[in-house]
Amino acid sequence: MARVRPSLRIERAGVNAVRSLLEDHGHIVQEIDGGNDHGEDLHVLLTRDGRRTGHVLAIQVKAGKKYKRAKGYTVPVGDHSDDWRESRIPVVGIVFDIDTKELYWVNLTAELRRTDNPVKRVHIPRTALLNADTIPSFAEQLESYIDSTGMRLRDFTLEEAFAAVVRALDGIDPNRAPNPLFEGLADIIVRHEMRVKRFGRLALQVCPLLLLAGLLIIEWPYQVRFVSEYMDLNPVLTTGSLYCFILWLSLTVLFELRAGRRPKETGNWLISVCTLFLWIPAMDDGDAPEWMGKSLVIANVLISHFGLLTLLTFYVKQAVIRKRRHVIDSSEGTME
């Protein structure tokens, strides 16, 4: 009956220890059955807050006393020197100390690129400990190295990403080579992805209001002239009341959207008021019937005043209802 080599059990213990540590901290690990021609045991996709960051690495795991030295540990390079040096993703060497059950790591790709001379083995100092306390620093250092060397892979599915890892180990992939003109900006966006998305959503909400504000500024002299031509009312106060109503409608729509509610009726009112009152004064050349101009000015005064009162009454009432509901829910939670 075939017997399992003791060295194989030790090697498996090392791979299992590395895999468990990475997966316990949310990183995605793919094990390479039996190793491969490049000498890697694991492919890893780093994550942050449950989301893939695009930082990918390969890991070569060594386990056993023969990799231990007086001042640390060592990873033999063998015939993998060119593969690890030219890899499009960093290859990391990790040694598992079978006696202490501790892990130590080194960036093999970075170390091999420091010199053009042949390297037989890469040293790992005892300070390069990899455990639950140091793994955030481990990920940060590798992310920084990947960003600085343009090694990030940009795939959307796990299958595509791991397939890209295999291609990247063969060297520079022309289809994925970084564009220096845009790579820096892309790095900033990827590193602050959630903030960029929030800013983008806010911009989509605010930009229409900024366009409306610009339109109102341009429209101001036409509005004042229109009121002066058809009524004896103060044109500045009359136009100002209309603008105040439009402003409140706009801000109401903005903050309702930011609260996660869709103010459909308020939005329809905003569109209707702007459609009715903004284009006619700008197009009027003074030849319109007097009754039509007076009717529009009177409608302006009535809608802007009573509309603003209705708007404030409705939304203040809704806010009061939410406050009362919150107090009731809090009191019920306390009783439980």
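Above this text is the structure in question.
Treat the numbers as computed from the prediction; the structure is a model and nothing was measured.

Basis of the calculations
One numbering rule holds for all chains: residues counted from 1, following each sequence as written. Thresholds applied to this predicted model are a pLDDT of at least 70 for local features of residues and 80 or more for the giving and counting of side-chain atom pairs; totals over whole chains, interfaces and linings are not thresholded and use all residues. The side-chain quantities take in all heavy atoms of the structure and omit both hydrogens and water. Salt bridges are defined as contacts in which a side-chain nitrogen from Lys or Arg sits within 4 Å of a carboxyl oxygen from Asp or Glu. Helix and strand assignments follow DSSP, with helices taken as H or I runs no shorter than four residues and strands as E runs no shorter than two, numbered in order from the N terminus. Note on geometry: axes are lines fitted to C-alpha atoms, helical ones only across the stretch in contact, with angles between N-to-C directions running from 0 to 180 degrees. Throughout, the term roughly parallel applies to angles under 35 degrees, roughly antiparallel to angles over 145, roughly perpendicular to angles from 65 to 115, and oblique to all others. Residue contacts are defined here by distance: any two heavy atoms, one from each residue, within 4.5 Å place the two residues in contact. Residues are grouped as follows: Ala, Val, Leu, Ile, Met, Phe, Trp, Tyr, Cys and Pro are nonpolar; Asp, Glu, Lys and Arg are charged; all remaining types, including Gly, are polar. For each residue, the accessible area found with a 1.4 Å probe, counting protein chains only, is set against the maximum for its type, and the residue is called buried under 20%, exposed over 50%, and partly exposed in between. Pairing between strands requires that DSSP locate at least two bridges from one strand to the other.

**Digging into the pattern of salt bridges**
Then, in step 1: If you walk through the whole model with that rule in mind, you get 10 salt bridges.
Then, in step 2: For Glu 31, the salt bridge identified is with Arg 12, shortest N-O distance 2.4 Å. Of this pair, Glu 31 sits in strand β1 (residues 28-31) while Arg 12 sits in helix α1 (residues 6-24), and the two are 19 residues apart along the sequence.
Then, in step 3: In this structure, the salt-bridge partner of Arg 19 is Glu 23, at a minimum N-O distance of 3.0 Å. Of this pair, Arg 19 and Glu 23 both sit in helix α1, 4 residues apart, which is roughly one turn of that helix.

**Brief notes about the packing of helix α7 (residues 193-230) against helix α8 (residues 235-258)**
Then, in step 1: It is at 10 Å that the axes of α7 and α8 come closest, and there the two elements cross at 170°. In terms of orientation, α7 lies roughly antiparallel with respect to α8. Contacts from Leu 202, Gln 205, Val 206, Leu 209, Leu 212, Leu 216, Glu 219, Trp 220, Gln 223, Val 224, Val 227 and Ser 228 of α7 reach α8 at Pro 235, Val 236, Thr 238, Thr 239, Gly 240, Leu 242, Tyr 243, Ile 246, Ser 250, Leu 254, Leu 257 and Arg 258.
Then, in step 2: Broken down by class, the residue content of the contact of α7 with α8 amounts to 15 nonpolar, 7 polar and 2 charged.

**Looking at the environment of Leu 103**
Then, in step 1: Within the secondary structure, Leu 103 is located in strand β7 (residues 102-107).
Then, in step 2: We classify Leu 103 as buried; its relative accessible area is 5%.

**Side note on the sheet that holds strand β3 (residues 51-63)**
Then, in step 1: Taken in spatial order, the 6 strands make up an open sheet running β1-β2-β3-β6-β7-β9, and their pairing is mixed. What marks the edges here is a single partner per strand, and that holds for β1 and β9 (129-130).
Then, in step 2: Pairing between β1 and strand β2 (residues 42-48): 4 bridges, direction antiparallel. Bridge pairing in β2 links Ile 28 to Leu 45.
Then, in step 3: Sheet strands in contact with helix α4 (residues 135-148) are β2, β3, β6 (91-97), β7 and β9, and its direction is about 110° off that of β3.

**A look at the pairing of β3**
Then, in step 1: Here β3 lies mainly inside the structure; 11 of its 13 residues are buried.
Then, in step 2: Here 6 bridges tie β2 to β3, and the two strands are oriented antiparallel to one another. Along β3, the bridge assignment pairs Thr 47 with Arg 52.
Then, in step 3: Connecting β2 to the antiparallel partner β3 that follows it, the hairpin turn spans 2 residues, and Asp 49 within it adopts a positive phi of roughly 55°.
Then, in step 4: One ladder, built from 6 bridges, connects β3 with β6; its direction is parallel. Note on β6: the bridge partner recorded for Ala 63 is Phe 96.

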